Amino acid sequence: MKLGHTYFYHPEYAETNEFVIKQFEQQNVSMQKIQNALGRSNRYIVTEDSEETTLSMAIHAAKGVLRESNTSVLDIDMIVFVTSTSEHLIPCDAIKIHHALQGKANTLCYDINANCIGAFVALDQITKYLSVSDTAQKALIICSEKLSGIVDSENPVTAFCFSDSSFAFIVEKDDSSSGLMDVLYHTDSSICNTVLFPPNGYSCYHPNDVTLWDKSFDGSGSVNFALNDMNSFLERNHLSIEKIDLFLFSQFSLKNINIISDHFNLPPEKVPFYSREVGYTGSSSPFLALHQYRKNVRKLQKGENILIWTLGAGYQAGLMLWKY
């Protein structure tokens, strides 16, 4: 199974955090601790006068990855759209993407929403589907979010956290030993009310609703999961930390990445962090880290071991081993 072709699309407008931080500090809200924990400098934002949507950005990314990989949409057997901010519920936006790309009739299309762990879950599902299918060979996965319209600008955590963007990648079945090696999930639903949109559910939805984000939610539970389970997860796959060539961690919090890195004494060059430059992109973040790493640092060699750790609101976390 190959995960070779990726494409990152974002709006033109980039916003620095300096203005947002200054606003909060004028209200006597200290932002240095939050800034240091999250690690942000820039974000991409769909401006109010723009006609861009979650769906239009997804179509840009989908066309981009097909073009740059020289892949015909007629070779795509699955289109999976990962988002928390879908443009449509009926039909699913994956069908809208299929129409825009002029995909073939015998294509499986569906949307998935698992918040920030969505791309991780999609890759897990798609890889297993392709491996047992007699006919499907290639899947197109698109992750797209336009969170700027639903985040709370008065909350110092969310005000400068997220970046509007879209990210697409192709998963292709082949005869090599590359691909998914193992996956482990961890869910703690006792804190399912710490991050909510709509805050009172769609039965009580109001157009001015913004995401309720309890400032106490920092993903620390998922960090503990990584600290407690990573070694045993690797051991059951006959691997050690030293045998991992690249760590693709959730780009939500630099502090969380540093805690895990320090605990396992991970070499910094093996743990890329790109949210400082591009903002936090939600479900695509660990895979965008792969994209940026290959673009800016080096090309990966066949057979290298990748360990992915990420999380989604609610919360749910996961560990994945992938052989490149």
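Residues numbered from 1 in each chain as written. Predicted model: local features only at pLDDT ≥ 70, side-chain atom pairs only at ≥ 80, totals over all residues. Heavy atoms only, no water.

Details of empty space enclosed by the protein
Phase 1 of the analysis: Here the structure, examined in full by the defined rule, presents two cavities of 30 Å³ or more.
Phase 2 of the analysis: Looking at the largest cavity, its volume works out to about 50 Å³.
Phase 3 of the analysis: As for the largest cavity, its lining consists of Leu-3, Leu-123, Leu-248, Phe-287, Leu-290, Ile-306, Ile-308, Trp-322 and Tyr-324.
Phase 4 of the analysis: Of all the secondary-structure elements, those providing two or more residues to the lining of the largest cavity are α9 (285-296) and β12 (305-312).
Phase 5 of the analysis: Roughly 40 Å³ of volume is contained in the second largest cavity.
Phase 6 of the analysis: Lining the second largest cavity are Gln-251, Tyr-274, Ser-275, Val-278, Gly-279, Thr-281, Ser-285, Leu-288 and Ala-289. (1 Å grid on protein atoms, 1.4 Å probe; cavity = no way out; pocket = protein on both sides within 12 Å on 5 of 7 lines; lining within 4 Å. Points joined across faces, edges and corners; volume = space filled by probe spheres on them. Helix = DSSP H or I, 4+ residues; strand = E, 2+ residues; numbered from the N terminus.)

A look at the sheet that holds strand β6 (residues 138-145)
Phase 1 of the analysis: Reading across the sheet, the five strands line up as β1-β7-β6-β4-β5 and stay open at both edges, with mixed pairing between neighbours. The open sheet terminates on both sides in strands that have one partner only, identified here as β1 (2-9) and β5 (108-112). Ignoring strand direction, the axes of neighbouring strands in this sheet form an average angle of 15°.
Phase 2 of the analysis: Note that β1 and strand β7 (residues 165-172) share seven bridges and pair antiparallel. The residue of β7 that forms the bridge with Lys-2 is Glu-172.
Phase 3 of the analysis: Sitting on the sheet, helix α4 (residues 93-101) is in contact with β4 (78-82), β5 and β6, with an inclination near 130° to β4.
Phase 4 of the analysis: Lying over the sheet, α9 contacts β1 and β7, oriented at roughly 90° with respect to β1. (Pairing = 2+ DSSP bridges. Axes fitted to C-alpha atoms, helices over the stretch in contact; angles between N-to-C directions. Contact = heavy atoms within 4.5 Å.)

Describing the layout of surface pockets
A probe matching the size of a water molecule, rolled over the atoms, marks out where space remains unfilled.
Phase 1 of the analysis: As a volume, the largest pocket reaches approximately 930 Å³.
Phase 2 of the analysis: In terms of lining residues, the largest pocket is bounded by 37 residues, among which Ser-84, Thr-85, Leu-147, Ile-150 and Phe-197 are the most central.
Phase 3 of the analysis: Broken down by secondary-structure element, the contributors of at least two residues to the lining of the largest pocket are β5, β9 (195-196) and β12.
Phase 4 of the analysis: Considered class by class, the residues forming the lining of the largest pocket number 19 nonpolar, 13 polar and five charged.
Phase 5 of the analysis: Reported here for the second largest pocket is a volume of approximately 560 Å³.
Phase 6 of the analysis: Glu-15, Ser-148, Val-151, Ser-153 and Ala-159 are the residues nearest the centre of the second largest pocket, which is lined by 24 residues in total.
Phase 7 of the analysis: Here the lining of the second largest pocket gets four residues from one element, more than from any other, and that element is helix α1 (residues 18-26). (Nonpolar A, V, L, I, M, F, W, Y, C, P; charged D, E, K, R; others polar.)

Observations concerning the side chain of Arg-43
Phase 1 of the analysis: The residue Arg-43 is located in strand β3 (residues 42-44) in this model.
Phase 2 of the analysis: Within the structure, the side chain of Arg-43 is placed 2.5 Å from the side chain of Glu-15, a separation counted as a polar contact.
Phase 3 of the analysis: At 2.9 Å, the side chain of Arg-43 forms a polar contact with the side chain of Asn-17. (Polar contact = N/O pair within 3.5 Å; in protein donor to acceptor, adjacent residues only side chain to side chain.)

Looking at the pairing of β6
Phase 1 of the analysis: Along β6, eight of the eight residues are buried, which leaves the element largely enclosed by surrounding structure.
Phase 2 of the analysis: Going residue by residue along β6, you find Lys-138, Leu-140, Ile-142 and Ser-144 tucked away on one face and Ala-139, Ile-141, Cys-143 and Glu-145 tucked away on the opposite face as well.
Phase 3 of the analysis: Two strands pair when backbone bridges link them, and β4 and β6 are joined in this way by five bridges, in the parallel orientation. Bridged to Val-82 within β6 is Cys-143.
Phase 4 of the analysis: Where β6 lies against β7, eight bridges are found, and the strand directions are antiparallel. Each bridged residue has a counterpart across the sheet, and for Ser-144 the counterpart in β7 is Ser-166. (Buried < 20%, exposed > 50% of the residue type's maximum accessible area, 1.4 Å probe, protein only.)

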